[in-house]
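# Tertiary structure, described
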Amino acid sequence: MFISRSMQEQLAGNSTIRRMFMAGKELAEKYGAENVYDFSIGNPNVPAPDAVNESIRAALSEEDPVYLHGYMANEGFPETRRAVAASLNRRYGTSYDESNVIMTVGAAAGLNIILKTLIDPEDEVITFKPYFMEYRKYVQNYGGRLRPVATDEATFLPDMKAFSEAINEHTKAVIINTPHNPTGVVYGEETLRELAAVLRSAEERYDSHIVLISDEPYRELCYDGTSQPWVASFYEDTIVCYSFSKSLSLPGERIGYCLVPESLYMHAEVFSGMTTATRILGMVNAPALMQKAIERCIDTDITDNVRLYDRNRQLLYGILKSAGFSAAYPQGAFYIWITTPEGYTDEEFGEICQKHNVLIVPGASFEGAGHMRAAYCVSERTIINSEAAWRAIAAECGL
Ligand code: PLP
């Protein structure tokens, strides 16, 4: 075969979200963009804060161009990594420095360099259902096996008993994502303490080290006065994976970082493994100009952006509830996890939605059948204009 077997498998199951995104574009051409309500993809609609563009311009005028555009250490510019560490220290009272930070090509790359460093083919990685579907692919990239574990049906928080039972001698890592895509759940202190206790007792039971990978691209997007506790302070063997894609609306710029704390077992070796992984996976280093921009605007206040998402959250949730849908009230990120009306499969419900020019993603894409995900990082106008369509969909589903 010309195309590899593994790629043929990928192509056969290509991303539903991307497909919906393309369907949205086609519908927009046919009916006009203002008549299509595309809630399919988590692409921030709020522009990057002015501070980002100002920082890019400042980097271009202030930095030596040879240094700015040149090759660098795979882990990134030392001053950028220092700026990231200092910002975390200010916010969380930690004492990190550049030796704890690796700049990455977004969270996607961060997850891949962590897994490349840790996973052998017999290893398992646990995550909680529903989950960001790329986790499965990323774990498979290194021959590992993803083991999804149930969450509580009402709260979508990890079922600690099921979690404890799923851990075995092959468990190498656990991926959590908080604030959560697709449910909008935020793991608070109690949940993180419980997770840590289960992990510590499993480490003792198997005389092993299990790494908690905390995937946090939505870290600052918390509502109702809540905030995301610093996950690495709960469990020693943690690696944090962060991205500026959502907080600074920069998904196309591919910039984020991994935080590898000293408390992690074999910290220095893991750090070296991850920097080597950026090289041998062909990313080499995170984009230089964006590193230099981030260094200058790392502490940008995004309260106004969070407020906009919060308004959208309340607006869309209110419309869905008053139309008769049942959905989890999200505490973070920018997604609403809608329960598929009784008597319909997710696909059937999705088709009805699409008939009314509403695009949402079936729960199967997150191993969360019986639900659909609506991303509310869209314009307020889109949400307001979609109300009649939601009501028509509810009526058609007999709600
Ligand atoms: N992890 C989760 C839970 C996400 O939702 C996303 C993107 O939507 C990513 C990781 C990847 O983010 P990035 O754009 O930084 O690669």
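All residue numbers refer to position in the chain's written sequence, counted from 1. The predicted nature of this model means local features are confined to residues of pLDDT at least 70 and side-chain atom pairs, given and counted, to a pLDDT of 80 or more, with totals for whole chains, interfaces and linings taken over all residues. Hydrogen atoms and water are omitted, and side-chain values are computed over all heavy atoms in the structure.

Helix numbers and strand numbers start at the N terminus; a helix is a DSSP run of H or I with at least 4 residues, a strand a run of E with at least 2. When helices and strands are tallied, the protein shows 15 helices and 13 strands. Against the 2.2 N^0.38 benchmark of 21 Å for 399 residues, the protein shows a C-alpha radius of gyration of 21 Å, consistent with a compact globule. Principal axes of the C-alpha set define a box for the protein whose edges measure 60 × 55 × 55 Å. Contacts: residue pairs with any heavy atoms within 4.5 Å of one another. Considering only contacts in the protein between residues 6 or more positions apart, those separated by 24 or more positions represent 74%. The Shrake-Rupley method, run with a 1.4 Å probe, gives the accessible areas here. Residue values count only the displayed protein chains as cover. About 17300 Å² of surface is accessible on the protein, with carbon and sulfur atoms providing 51% of the total. Across the protein, 35 positive and 53 negative side-chain charges occur, with their mean positions spaced 3 Å apart. Every radius of gyration here is taken over C-alpha atoms, with the globule rule written as 2.2 Å times N^0.38, N being the number of residues. Asp and Glu are treated as the negative residues and Lys and Arg as the positive ones, with His and the ends of the chain left uncounted. Lysine's charge is taken at NZ, arginine's at CZ, aspartate's at CG and glutamate's at CD.

In this section: empty space enclosed by the protein. Method remark: on a 1 Å grid restricted to protein atoms, a set of points is classed as a cavity if a 1.4 Å probe fits but cannot get out and as a pocket if it is open with protein on both sides within 12 Å along at least five of seven lines; lining residues have an atom within 4 Å of a point. Grid points are joined across faces, edges and corners, and a volume is the space filled by probe spheres set on the points. Enumeration over the complete set of coordinates arrives at one cavity of 30 Å³ or more. Put simply, the largest cavity is a space of about 40 Å³. What lines the largest cavity is Thr127, Phe128, Pro130, Tyr135, Ile175, Ile176, Asn177, His180 and Tyr187. Looking at the lining of the largest cavity, the elements with two or more residues in it are strand E3 (124-128) and strand E5 (171-177). Examining the composition of the lining of the largest cavity, we find that three residues originate from one element, E5, more than from any other. Each residue gets one of three labels, nonpolar for Ala, Val, Leu, Ile, Met, Phe, Trp, Tyr, Cys and Pro, charged for Asp, Glu, Lys and Arg, and polar for the others, Gly among them. Among the residues making up the lining of the largest cavity, the classes are represented as six nonpolar, three polar and no charged.

By definition, disulfides here are pairs of cysteine sulfur atoms that lie within 2.5 Å. Overall, the coordinates contain zero disulfides when judged by the stated rule. Counting only cysteine sulfurs, Cys241 is the nearest neighbor of Cys297, a cysteine outside any disulfide, at a range of 19 Å. This cysteine, Cys397, is not joined by any disulfide, and Cys353 carries the nearest cysteine sulfur, 6.8 Å off.

Time to look at the pattern of salt bridges. By convention in these notes, a salt bridge is any Lys or Arg side-chain nitrogen within 4 Å of a carboxyl oxygen on Asp or Glu. In this structure the tally under the stated criterion is 24 salt bridges. For Lys129, the salt bridge is made with Glu367, and the minimal N-O distance between the two is 4.0 Å. One end of the pair, Lys129, is in the loop between E3 and helix H7 (134-141); the other, Glu367, is in the loop between strand E12 (361-362) and strand E13 (371-375), and 238 residues separate them in sequence. Of the residues examined, Lys129 reaches a relative accessible area of 29% and is grouped as partly exposed. Here's how the labels work: a residue is buried when its accessible area is under 20% of the maximum for its type, exposed when over 50%, partly exposed in between, all with a 1.4 Å probe on protein chains only. The partly exposed category is assigned to Glu367, whose relative accessible area is 33%. We note a salt bridge from Arg219 to Glu220, for which the minimum N-O separation is 3.8 Å. There is no split in this pair, since Arg219 and Glu220 are both buried. A single salt-bridge network, built from bridges that share partners, covers Glu62, Glu63, Glu79, Lys292, Glu295 and Arg296.

Attention shifts here to the sheet that holds strand E2 (residues 101-104). Where strands meet in a sheet, backbone hydrogen bonds hold them as pairs that are either parallel or antiparallel. Here, any two strands with at least 2 DSSP bridges between them count as paired. Strands sit in the order E2-E8-E7-E6-E5-E3-E4 across an open sheet of seven strands; the sheet is mixed. The open sheet terminates on both sides in strands that have one partner only, identified here as E2 and strand E4 (145-149). For this sheet, the mean angle separating the axes of adjacent strands, direction not counted, is 20°. Examined bridge by bridge, E3 and E5 share four bridges and lie parallel to one another. Convention adopted: a line fitted to C-alpha atoms gives each axis, helices being fitted over their contacting stretch, and angles between N-to-C directions are expressed from 0 to 180 degrees.

Turning our attention to the domain arrangement of the protein. You can read the domains of the protein as domain 1 (5-49 + 302-396) and domain 2 (50-297). Placing the centre of domain 1 and that of domain 2 at their C-alpha centroids yields a distance of 26 Å. On the side of domain 2, 36 residues touch domain 1, which itself brings 33 residues to the contact. By buried area we mean the combined loss of accessible area, with a 1.4 Å probe, across both parts when two parts are placed together. For the pair domain 1 and domain 2, the summed buried area comes to about 2700 Å², and 58% of that belongs to carbon and sulfur atoms. Taken as a group, Pro49, Gln331 and Glu367 account for 24% of the area that domain 1 buries against domain 2, more than any other trio of residues on that side. Taken together, the connections running from domain 1 to domain 2 amount to three salt bridges. What qualifies as a polar contact is a pair of N or O atoms within 3.5 Å, subject to a donor-acceptor requirement within protein and to the restriction that residues adjacent in sequence count only when both atoms come from side chains. Taken together, the connections running from domain 1 to domain 2 amount to 17 residue pairs in polar contact (both at pLDDT 80 or more). Listed by contribution, the elements that provide at least two residues to the side of domain 1 that touches domain 2 are helix H12 (303-323), strand E10 (335-339) and E13. A total of five residues in the side of domain 1 that touches domain 2 trace back to one element, the largest contributor, which is H12. When the residues that make up the side of domain 1 that touches domain 2 are grouped by side-chain class, the tally is 19 nonpolar, ten polar and four charged. Domain start and stop points were drawn from an automatic or database domain assignment.

Taken together, the neighbourhood of the ligand is formed by 14 residues, with Ala107, Asp215, Tyr218, Ser243 and Arg254 sitting nearest. Here Ala107 contributes a backbone N or O atom positioned 2.7 Å from an oxygen atom of the ligand. Taking Lys246, its side chain carries an N or O atom lying 2.9 Å from an oxygen atom of the ligand. In isolation the ligand exposes 390 Å². Once the protein is present, 92% of that is buried. With three residues, the top contributor of residues to the shell around the ligand is helix H6 (residues 106-118). The cutoff for a nearby residue is simple: one of its non-hydrogen atoms must lie within 4 Å of the molecule or strand.

Here four strands make up an open sheet; going across it, the order is E9-E10-E13-E12 and the pairing antiparallel. The outermost strands of the open sheet, each flanked by one partner alone, are strand E9 (327-328) and E12. Where E9 meets E10, two bridges bridge the pair, whose relative direction is antiparallel. The residue of E10 that forms the bridge with Ala328 is Trp337.

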